[in-house]
Structure formats: structure tokens, C-alpha cells
Amino acid sequence: MRANLLVVLLILLAGVGASLLLIPHGAELALQKFRDRDYDSARDAYEQRYAAGDRSGATVMPLTRLTLAQGDVERAIELTEGFLAAEPSSVEARELLDRLYQDAQRPGDRLENLKALAEMRNSADLFRELAYAAGFRNRMALKVEALVRYCTLRPEDVEAQQELAALLAARGDHAGAVDWLLRADDRATGNIQPDSRELLMSLLIDLDREDEAYERARRWLGERPTVADMIGLASQLAAASRPDLGLRLIEPQVTGPQVAGRAPVLALELTYIDLLIATDRREPARARLSALSGPVEDAQFGRLLALEANAGMPRAALEATRGRDLHLVPDWVLAGLAETALRDGDRAFPDRLYRELGEDFLDDYPILAANIALGRGDPAAAAQWAERALAGDGLTPNDRLGAIRILDRTGRRAAAVAAFDRLPLSGTVPEEALEELAALFIDFDRAPAGLAWFTARRQATQSPAAAQGWARLAAKAGDPAAVADWLAGQPKLPLALLQDIAGSAAERASANPATDPRANRPAAALALAAAQRAFALDPSPRSRLALAGALTATGKPADALPLLAPLLDGGGAEVEAVYIAALDGAGRSEELARHLTAKLARGTLSDADQQAIVTMLLDHKAYRAALPLLRAWAERQGGARSGEDWLSVYAAAAAKANALPDLAALLQGRAAAAPLAEAEDSLYRDTLTKLGRKADLRRYLLARATDDRLPADRRREPVSALLALGDKAGAEQVLQRLAAGQGPQSEDFRQLAYLWGPRPPATGLDWIEARAKAAGPPAEQAAWYDRLAEYGGGRRVIAGLGGQGLGGQGSAQAAAPAQPVLRTPYIEALAAAGKGKELAAAVRAALADEASPDRLRRYARLAEQTGQRAAASQAWTALLARKPEDADALRQLGMLAYDENRLADAERLLRRYVAAGPDDYEAHYFLGEALTALKRPTVAIPFYRTALSQLRARATRGDAATQTEANLLNRLGKVDDAVALFEGLRKRRPADRQLKSDYASMLIENGRLPEARRVLALP
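Residues numbered from 1 in each chain as written. Predicted model: local features only at pLDDT ≥ 70, side-chain atom pairs only at ≥ 80, totals over all residues. Heavy atoms only, no water.

Asks: How would you explain the nonpolar core if you had to name every residue and give the values?
Replies: Counting 137 residues, the largest nonpolar core has F349, I404, L437, F454, I501, L630 and L663 as the members making the most contacts within it. Once residues lying within four places of it in the same chain are set aside, the contact partners of L437 are L401, F420, L425, V429, W453 and F454. (Core = buried A, V, L, I, M, F, W, Y, C linked by side-chain atoms within 4.5 Å. Buried < 20%, exposed > 50% of the residue type's maximum accessible area, 1.4 Å probe, protein only. Contact = heavy atoms within 4.5 Å.)

Asks: Go over the packing of aromatic side chains, please, and point to the residues and values.
Replies: Scanning all chains against the criterion turns up 7 aromatic pairs. Where W470 meets W486, the ring centres are 6.2 Å apart and the plane angle is 75 degrees; that geometry is what we call edge-to-face. Taken together, the residues span a long stretch of sequence, with W470 in helix α28 (residues 464-477) and W486 in helix α29 (residues 480-488) at a distance of 16 residues. Judged by relative accessible area, W470 falls into the buried class, the value being 10%. Take W486: its relative accessible area is 10%, and that puts it in the buried class. (Phe/Tyr/Trp six-rings, centres within 6.5 Å; stacked < 30°, edge-to-face > 60°. Helix = DSSP H or I, 4+ residues; strand = E, 2+ residues; numbered from the N terminus.)

Asks: Now, about helix α12 (residues 194-206): what can you tell me, with residues and values included?
Replies: Side chains of residues three or four places apart in an α-helix project in the same direction, reflecting 3.6 residues per turn. An ideal rise of 1.5 Å per residue puts 18 Å on 13 residues; α12 measures up with 18 Å between its terminal C-alpha atoms. Burial in α12 covers these residues: S196, R197, L200, M201, L203, L204 and I205. (Expected span 1.5 Å × (residues − 1).)

Asks: Would you mind going over unusual backbone geometry in detail, with residue names and values included?
Replies: A positive phi angle, close to 60 degrees, is found at D445, a residue other than glycine. A positive phi angle, near 65 degrees, is found at K935, a position not held by glycine. Within the secondary structure layout, K935 lies in the loop between α55 (921-933) and α56 (937-952). With relative accessibility at 73%, the residue K935 sits in the exposed group.

Asks: Before we move on, can you summarise the side chain of Q963 with the specific residues and values?
Replies: As for its placement among the helices and strands, Q963 is situated in helix α57 (residues 959-971). Contact partners of Q963, with chain neighbours within four places excluded, come to F982, L985, R989, L995 and D998.

Asks: I'd like a rundown of a nonpolar patch on the surface, residues and numbers included.
Replies: Taken together, the side chains of I1004, L1009 and L1016 make up a nonpolar region of the molecular surface, amounting to roughly 240 Å² of accessible area. Tracing the backbone through its elements, the reader meets L1009 in helix α60 (residues 1009-1016). (Patch = residues over 30% accessible without salt bridge, like charges linked within 9 Å, V, L, I, M, F, W, Y side chains within 5 Å. Areas by Shrake-Rupley, 256 points an atom, 1.4 Å probe, with all protein chains shown as cover. Salt bridge = Lys/Arg side-chain N within 4 Å of Asp/Glu carboxyl O.)

Asks: If you had to explain helix α25 (residues 413-421) to someone new, which residues and values would you point to?
Replies: Where α25 is concerned, the buried positions are A416, V417, A419 and F420. Projected onto a plane normal to the axis of α25, the buried residues spread over an arc of 165 degrees and lie on a single side. Along its buried surface, α25 packs onto α23 (379-391), α24 (397-409) and α26 (434-443). (Arc of directions from axis to C-beta.)

Asks: So what's going on with the packing of helix α6 (residues 91-103) against helix α7 (residues 107-121)? Which residues, and what values?
Replies: Between α6 and α7, the shortest axis-to-axis distance is 9 Å and the interhelical angle comes to 150 degrees. When the axes of α6 and α7 are compared, the pair comes out roughly antiparallel. Along this stretch, α6 crosses α7, giving a crossing that reads as left-handed. On α7, the residues touching V91, R94, E95, L97, D98, Y101 and Q102 of α6 are D109, R110, N113, L114, A116, L117, M120 and R121. Partitioning the contact of α6 with α7 into residue classes produces 7 nonpolar, 2 polar and 6 charged. (Axes fitted to C-alpha atoms, helices over the stretch in contact; angles between N-to-C directions. Parallel < 35°, antiparallel > 145°, perpendicular 65-115°, else oblique. Left-handed = near helix turned anticlockwise from the far one by under 90°. Nonpolar A, V, L, I, M, F, W, Y, C, P; charged D, E, K, R; others polar.)

Asks: Kindly report on the pattern of salt bridges, identifying the contributing residues and their values.
Replies: Applying the stated criterion to the full structure yields 48 salt bridges. Of the charged contacts in the structure, one is a salt bridge between D886 and K883, with a shortest N-O distance of 3.7 Å. Each of D854, R857, R861, E864, K883, D886 and D888 takes part in a single network of salt bridges with overlapping partners.

Asks: I'd like a rundown of the side chain of R457, residues and numbers included.
Replies: Looking at the element boundaries, R457 is found in helix α27 (residues 447-460). Assessed through its relative accessible area of 9%, R457 is described here as buried. A polar atom in the side chain of R457 sits 2.8 Å from the backbone oxygen of V429. (Polar contact = N/O pair within 3.5 Å; in protein donor to acceptor, adjacent residues only side chain to side chain.)

Asks: Explain the environment of R137 to me, using residue names and the numbers behind them.
Replies: Tracing the backbone through its elements, the reader meets R137 in the loop between α8 (124-136) and α9 (140-153). For the pair R137 and P107, spaced 30 residues apart in the sequence, the C-alpha separation amounts to 7.8 Å. With residues up to four places along the chain from it excluded, the contact list for R137 reads P107, G108 and L111.

Structure follows, in C-alpha cells:
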């Protein structure tokens, strides 16, 4: 039996051992839980293995996927990165890490991992993706490397090769870029992108491989090139700064035998002409442009005009614009055509440009815009355009000088000089700008500075322009002898330069000739030399005039007169000025007068010529001769000046010619027709004053002041002049007329009241009363009644406003007005008239519906002033109802309550009043008195002390205040101090019985009967 048990036991042990072998352990248990989708338990199991040091793929990869499945991307990345650190050649881990980096949005880390993965896989797709990623991260070197590997693996992808070439070119590797472009072009059989073609052309030319570029372009064209291809390739070569290659490329297709007898394709023909111009073959370009026949369609019209402008055919371009839409033409072409038209004196095209395109077109061409504005007779706009140009930075030196000149021409001389002074004058000023620069130095009175600048320029650069600029300025402000020496060594000089030198030297020679004649001799010699050479070179009117001016300025006016004689009929103001100077210098005054009178008598002169002659007459004090024309211009307001300007000139001449009555008559006629302008008004007054015609002046001033066609300020102004003439009645009449429509608050009424004084005459009060009765709104009526009462018309106010409370029907006894705003002047008038009972009734009537605290306060004060205490109390009570904490109301009602022995009311009201802490010793004193009377002396003590402190703080105190102080001292138990004060008062006022009584009462109250008897003089 025991043997059997042993066998059974052995079998059981064997079974248990076998079953233990079947229990899963370690990795098998984790994998089984993974397969059973028990992810949490599986992850715990793999984490335990990982923590135990198992870094194999069988542990890390499932753990990574379990971690990622639970959303822990960062832990998954950490696990994968750790695995790759140990197993860097694992492609599977690299791919997993790539996806993890994408999910975690870590492009930088992904880029490095992708680079390693692409190298491991040697995959074209991965290298392409690497290139995209590198470009996104701006890793251009890596992008180039990736594209090179991709293009090597995928040589058929010509687009990628073009992208790589553009990138290499941008990074400065021109040879590498050309190599890849050539590969792409060869594989694409010439069908690479236009941008790539242009880049290839440009790079080949930059690398001095022009022939290769040309051959490549020919290959692109093929045997039968399209027009578009030819134009495109030629344009690309031109854009690469080789228009000669473009011309060489398409010339056979334009001029070859295959196109003989056929009309040229316009687009190709224009491209060919453009290339001719770009290669400086302008004559053939102009010939082909001239050969084009028929109108050009809109799409090509702008280009055609641009080519004509570039080929030097501006007139042809201008003609071509007739009847065509200017919007089709490029702006720069239009600007050039406008400048050409302006130079040629053609105003039609600039006007059309301005009319059809407006000012917006001109924003980029401010100098052109300024010149157009000048041509259109708008100097203000021209000046604005010039200032806008000078404010910018893109002007050439010539344009900047032109803008300054325009400012000067438009009357903005100060602005022009300021802009000229700001010019950055350096060595960069071009030669062609030097002549204008020298002229501006002279015109702007900067000759010494200009001479220094040109001297330095001449020393630095030996050029004719610099030398001529120096000569101009030296003749003006330098050494005339040096200029004469230079002049003698210059056989050929521009006529304008000789004339300018002659003019400047003559001006210097004629300046202060009596001061130092010897100092002027070199200038005189230079003036003559330059003028004589100019006249010999060109005996034109200008040269003749210059020589005559030089002769006159150098003391030879008689020799100048024969030269001037042929110029007199049509020479203009400049000739006239020189001729007059010559006549003056030669002492031929009568001839001068005859000459000018004869010219005026012809009646064929323009306004400008007539004005010039009149100006000369005035300059030479021939006032009588000038007066007829001046008066005619002033009467018709003609001429280039305004009517007021000519009137002032005529007035000045009339005064000097003793013709003021004529001037007065002219102004009187104007004044009768219409109000004179300010300047004319002043002139007329001054003229009448000078003539002593005070009566006429008074009539004129009164008529002007009452002329409703003038604004009020112009009608008000004559008042002071009337007063200065002693016409107070007239001034009052004017002010009454002005003030009638404005109200008593106006400045005009204040001036009128000032004239009347504090007590206006009865007529003045009548006028104010009439204004009050005629006023419409009650507020305006009240304002007038206020003034009436203020100026002593209180009884009129009472009569005018009394009874209005009855609806205007009147009654036996006057009543306050129904309108609240009218009650104030009525009550004020009653107070001024001392009508206390009527005032009290009016105040009581007003209290029911009066809402204004200020008016209620005023009513209360007026009632107090007239002794109407009951009415005053009612007014203060009404005020307190509307404004419960009003200090005035609380004080006055408290005082009234005390006076009426209503002690409780007095305490209540005065306590509320003093709670705000006013500096009012009386209120504190009487509050204390009320409390004392109410048998509460202890409560009164603080108020007595406050009253005493406030009273003593006052700067000045009268006897009443001193007596109050004595009473306070008595209340505070300082009887001796109080006695001392009373004694002082008694000495000052020995006959004051009330004072004696108060003093004795205090002494009796304190049991000091002997002293009381002494005060009362009792036995």
C-alpha cells in the first residue's frame, strides 16, 4: 500500500513540474498580453523589462508602439532615440522616428533624421523630401546637397535640375548652375522653362561663353522659329546686357531673303528696332520706324512711341499721339514728349496731357508738372510742384537747379534762395549744370560764394564749363582785370557768356562812380571789351543793347544813344530803361519827356508797355504825365496789377502832383456805387483829412457805418473815427443801430453805454426801454430791463413789468411778472426804488415756482436790504428747500431765528451751518448765545472758543468786533479781560449809551455792582 502511494506521489510531482514549464515568463508573458490587447498590462511588462536593462528591439519597439498608442509621443521619441543610439543602422527605427518627429512637430530634429535615413536608403524620393524640408528650414546648403543626390538618382526630372541650377546661381556657383541647366536643356530637348533659359543665357554671358549662349539660343529657335520664341530669346539676351547677340539671333529672320516682299510681323519688327537702338544703330532704327505704315493697334502703340522717343524722333511720336488714347503710352514716354513740346513752345500737348490724365500722372515727374503749370499760367501750382520735387531724393543736379529756378520764376524767391543754399555742392555736379549753377549764384546774390566754389572747381578740373562759370562770377564779384586777361586768351566764347560778363562788369563800373573812379576802371574796361566782342560776334538787338548799356555804365551815354535808336520802337522795357539811363546820363531830360509822351500818345502799346512807361515816368518824378493813365487803370481796375494796386499808385502820384481833389472825386464815385474795400476806405479817409474836408468825412463815415451791405465789424470800425472828429451823436447813432440786433451783452452796447456814462440821458433810457419792450424772448427782454434798472431807470422797469403777472391786462395794484426770468429785473427795480412792500409781495409771488438758487439768494438779500425780514425769511427758506446745505440760507435763517427768540430753530440751523467749519465768528458766537439761553452753557463753550479764535485771527477789527470779543471773554469766564476791552471801548465812545448799558449788564451779571454804578454814573 505504501508502495502505491509513493508511485502516486511521484506522478503528481512530475505533473506539477511539467505544468510549471508551461507557465509563460518574461517576454512571452508581455507578448501574450500585447496580442490579447491588454495594452496597459503589456506596457507595464515591457517597461519592467526596459527598466531591467533590456534595450533589444523585441522590447523597445513594442514598448514604443504601446507608448504611442496611449498618446505619449515624447516618451515614444525618447525610447526610439535611445534605441538608435545603440543601433544606429536600424532603418525601421529611423522610419519610426521620422513619423514621430512629424507628429511632435519637431522639424529641426526630423531634418537631421531624414538626412541619415536618406543616406541609409539611398532613395531618390527621400532626397527630394529632404530638399523640401531643408528649404523650409532655410538650410540651403543641405537643400543643394539633397537636390544634387536626387538629380543624380533621377536624371529624367528636368524640373528639379532647373530648381537646383537656380539655387546654385543664387549661391554664387555660376559654373555649377550652368552645368545642371545644360543637362536639363539637353534632356528636355530645348524645352526648359523661359526663366531657366534667361538664367542660362545670363550665366553663359557672365562666364564669357557668349558663343555657346548664342548657339544654344539658335538651337532653341530651330529651323522654323515662331515669332514668340524669337522675341523671347532676343529679349532674354538683351536683358543679359547683350543686345548685340539678340540682334544677331533674329536679324536673319527679319532682313533675310526668306522675308523679302512680305509685310513684317509688327511685334518682331519692333523688337528688332529696339535691339538696333540698344546697339546704338539709330539711323537704321529711324529708317525702319519711318517705313512703318498704317495705324498701329492699341497693344503695340505705346511700344512704338517708346521706340520713336528712344530713337530721337520726338516730333514723330508727338504727331502719332493725335487722336489716340494717351493711357496707352508709358508714362516716361509721355513725360519726354511733354518736355519736347515745352521746349518747342508747343502748349497743346502738355494741356492735353493735363486734361486727359490729370495731376496723378505727374506725381512722378514734378519738374515736368511745374513747367506745364507755368505754361498754363498757374504759378502757384508750379511752385508747389517745384517744392515737392525738392523735398524728394531722386532729382538729378540739373532737375534740382531747374526746380529752384521755377521757384524763383513763380515769385517764391525766399524759398528758392533757401533751397539753393541747401544744395550739396560737391564734385559730383555735372558739367552741363555748371552754367545754370553760376547764373543762380549771381541771381541769388551769392556771387562771392559762387566765385570761391568755381575757383576750386576750376583748379580741380580744367574744363571749359568750369572756366566760363568762374568768368561769370569773377566779372560780378572778383577781379575784373583777371577776367579781362582770361577773355583776351579765349578767341571763341559763347555769346551769352560775353553778354553776361559785359552786364556784370558794367554794373560794377556804374556803382558809386564818384566814390573811387579808379577802382571802377578795370570793370569798365572789361564791360566794354566783352560787349564789343559780343556785338562783333552777333550785332543782334541784344548785343547792341548790351554794348549800349556798357557804354552808359562806363560814362559814355552819348555814344550809347545811336546804338539804342534802332531798338526803341520794339525794344521793350529793358531798352527803355537803358535809353532813359543814357538820356539821363547825357543830360537830355526834354528828349526823355518827349520820347515817353510820344510813345504813350500812339495808343498802340500793350498794357505791359504802357505800365513800363508809366513806371519810368514815376521813377523820374514825371507824375503829371503819368496821372491820366493811372486814373484810367484805377477806374477800370485794369492792367496786370489789381485795381487796388493801381489805385494806390495813382494815389501816391496824385499826392505828389497836388491832385488830391481828383483822387477824392474818384473815391467818392466808387463809394456811391458800392462799399469801398479796406485799402480804398483808408485811402479815402486819409485824402479827405489831408484836404481838410471834415464834413464830407463825417458824412462818409456815417454812411459807411450804417451801410448794411458791410459786415458788422466793418460798420463798427468808423465809430472811433467819428469820435475823433467830435461827432459823438453820430457814433451813438451807429452803435445804437449795431446793438439793436445783438442784445445788451454785446460789445456794441457796452461801447454805447460807455459813451453815455453812468447816468445815460433820457433819450438813452428811452432807447433801452424801447429795446426791452421790442424784445421777443423773455430772457432778452429781462436782459434789457436789467440794463435799464442798472442805469437809473428803475421806475421805468416797474412801470413796464408791473401788471404782467395778470396776463398783461393790468390791475389797480402792480403785480410781479408771470415769467420767472422777468421777475429779477422787476424785483431789482423795486429794491432800487425802495418799495419794500411791493418787493416783499413780488418776492413771495416768485418763490412758488422759482428754481434757481442764485435768484432765490438774490431775492432774500434784496428783501433784507429793504427791511422785509419776513419776505427774506421766506426766500431763505425756499432756497434751503431746494439746496438743503446752502450755507447762506442756513446762516441767515439761524440768525433770524435767534433774533426772533426761536432758540431751538436757531440752534438747529446754526449747528448745520457751522458743521462745515466756516470762518464765521458771528455764527459761532450766536450759536453759543442760543445754547446759553437754552440753559446749556457747558455745550456753548466750544462754540465761544471757536468764535474767539476766529475773531482774533482777523486782520482788522472794528468796535463791534471788539465788543463781541469782550462778550466772548465774559462767557468764557475771563471777566477781567472783558472789562479791559469794555473800558477801551468806553474811552473811544464815551457818549454811547448802548455800550454803557451792555457794559453795565456784564458787570451786574458778574456781581460787580460798584463798577456797574460807576459805569452808569449812579450814586
